[in-house]
Amino acid sequence: MYEGRKMNFMESVKRSNVWLGVAGLVINQHGEWLVVRKRYGGLKGKWSFPAGFVEPGETVDQAVVREVQEETGIETIVQGLIGFRTGVIRQEVSDNMVIFICRMTHQEQLLIPQLKEVYEATWMSPVALSLDPNVSVMILEMVQKTFGLGLQVIEGINPGDIFGYSSYKLYF
């Protein structure tokens, strides 16, 4: 029930004013970054990382693995957390994104872009990205950084049964 009435389907899937997204930096054996050109939104036509919103019932690390695979066909595992982006849109929507560094499960994978969401997916060097006029601001900032493995995951802990977590992870 929502304010004394049943929720219809659209209300149940409508995003609140607090958004949580994920993005994945995947680096191949040549040091190139996996990037996509989005078909929609503020990044339409710009190079950005595979990214999207966290879905109900999944953790942020599960969401980034899913988003990278959906948009590019590349299977990955999370290596670590490397950044966090936060902002407020029109003084109303809290827009937050967790940025992970991911490793391919195996190096010889074909790029299979999801053409409903992206124009293309490709591997580009950080230098080429820094010179391209159609690159997201976040990537332009990130090409100047060194990441290593990022913050590492700690799994298999329970903060207490009282909380009812079905999945719980820390990154330090």
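Each chain has its residues counted from 1, running along the sequence as written. Reporting in this predicted model follows two pLDDT cut-offs: at least 70 for local features of residues, and 80 or more for side-chain atom pairs to be given and counted; totals over whole chains, interfaces and linings ignore these cut-offs and use all residues. Working from all heavy atoms in the structure, the side-chain values ignore hydrogens and water.

Colleague: Any chance you could explain helix α2 (residues 60–72) here in plain terms?
Modeller: For the α-helix, the turn length of 3.6 residues means that residues three or four positions removed from each other point alike. Taking 1.5 Å per residue as the helical rise, α2 with its 13 residues ought to reach 18 Å, and the 18 Å between its terminal C-alpha atoms agrees with that figure. Exposed residues in this analysis have more than 50% of their type's maximum accessible area, buried residues have under 20%, and partly exposed residues fall in between, with area computed by a 1.4 Å probe over protein chains only. What counts as a helix is a DSSP run of H or I of at least four residues, what counts as a strand is a run of E of at least two, and both are numbered from the N terminus. Turning to α2, its buried residues are Asp61, Ala63, Val64, Arg66, Glu67, Val68, Glu71 and Thr72. Following α2 by one or two positions, Gly73 adopts a phi angle in the positive range, close to 80 degrees. What a helix is expected to span follows from its residue count: subtract one and scale by 1.5 Å.

Colleague: Just to check I follow, could you spell out the packing of aromatic side chains for this structure?
Modeller: Aromatic pairs are defined between Phe, Tyr and Trp rings, using the six-membered ring for Trp, whenever the two ring centres lie within 6.5 Å; interplanar angles under 30 degrees are classed as stacked, those over 60 as edge-to-face, and all others as tilted. If you walk through the whole model with that rule in mind, you get 5 aromatic pairs. Taking 5.6 Å as the distance between ring centres and 85 degrees as the angle between the ring planes, the aromatic pair formed by Trp19 and Phe53 counts as edge-to-face. Placement of Trp19 in strand β1 (residues 18–26) and of Phe53 in strand β4 (residues 51–53) is noted, with a sequence separation of 34 residues between them. Ring geometry for Trp33 and Phe49: centres 5.7 Å apart, planes at 45 degrees, overall tilted. Of the two residues, Trp33 sits in strand β2 (residues 33–38) while Phe49 sits in the loop between β3 (47–48) and β4, which places them 16 residues apart along the sequence. For the pair formed by Trp33 and Phe49, the shared burial category is buried.

Colleague: Any chance you could explain the sheet that holds β2 here in plain terms?
Modeller: Taken together, 3 strands build an open sheet; the order of strands is β3-β2-β7 and the sheet is antiparallel. In the strand order of this sheet, the two ends are held by β3 and β7 (118–124), each with one partner. Pairing of β2 with β7 involves 6 bridges; the strand directions are antiparallel. Across the sheet, Lys38 pairs through a bridge with Val118, a residue of β7. In this description, contact between two residues means that some pair of their heavy atoms is separated by no more than 4.5 Å. All axes here are fitted lines through C-alpha atoms, helices being fitted over the stretch that makes contact, and every angle between N-to-C directions spans 0 to 180 degrees. Sitting on the sheet, α2 touches β2 and β7, and the angle it makes with β2 is about 65 degrees. The pairing criterion is simple: DSSP has to find at least two bridges between the two strands.

Colleague: Please explain the nonpolar core as it appears in this structure.
Modeller: Considering soluble globular proteins, one finds that nonpolar side chains tend to be buried as a cluster. Take the buried Ala, Val, Leu, Ile, Met, Phe, Trp, Tyr and Cys residues and link them wherever side-chain atoms come within 4.5 Å; each set so joined is a nonpolar core. Formed by 17 residues in total, the largest nonpolar core has its most connected members in Trp33, Val35, Phe49, Leu129, Ile139 and Met142. Broken down by element, this core gets its largest block of residues, 3 residues, from strand β6 (residues 93–104). When near neighbours in sequence (up to four residues on either side) are disregarded, Phe49 contacts Ala23, Gly24, Leu25, Trp33, Leu34, Val35, Val36, Lys38, Glu71, Met138, Ile139 and Met142.

Colleague: Is there a simple way to explain the sheet that holds β4 in this structure?
Modeller: Paired through their backbone hydrogen bonds, the strands of a sheet run either parallel or antiparallel. Across the sheet, which stays open at both edges, the 4 strands sit in the order β4-β1-β6-β5 with mixed pairing between neighbours. The open sheet is flanked by β4 and β5 (76–89), the only strands paired with a single partner. For this sheet the average axis-to-axis angle between neighbouring strands, irrespective of direction, equals 20 degrees. Here β5 runs beside β6; their pairing, made up of 12 bridges, is antiparallel. Paired with Gly80 across the bridge in β6 is Ile101. Packing of α2 onto the sheet brings it into contact with β1, β4, β5 and β6, and relative to β1 it is tilted by some 60 degrees.

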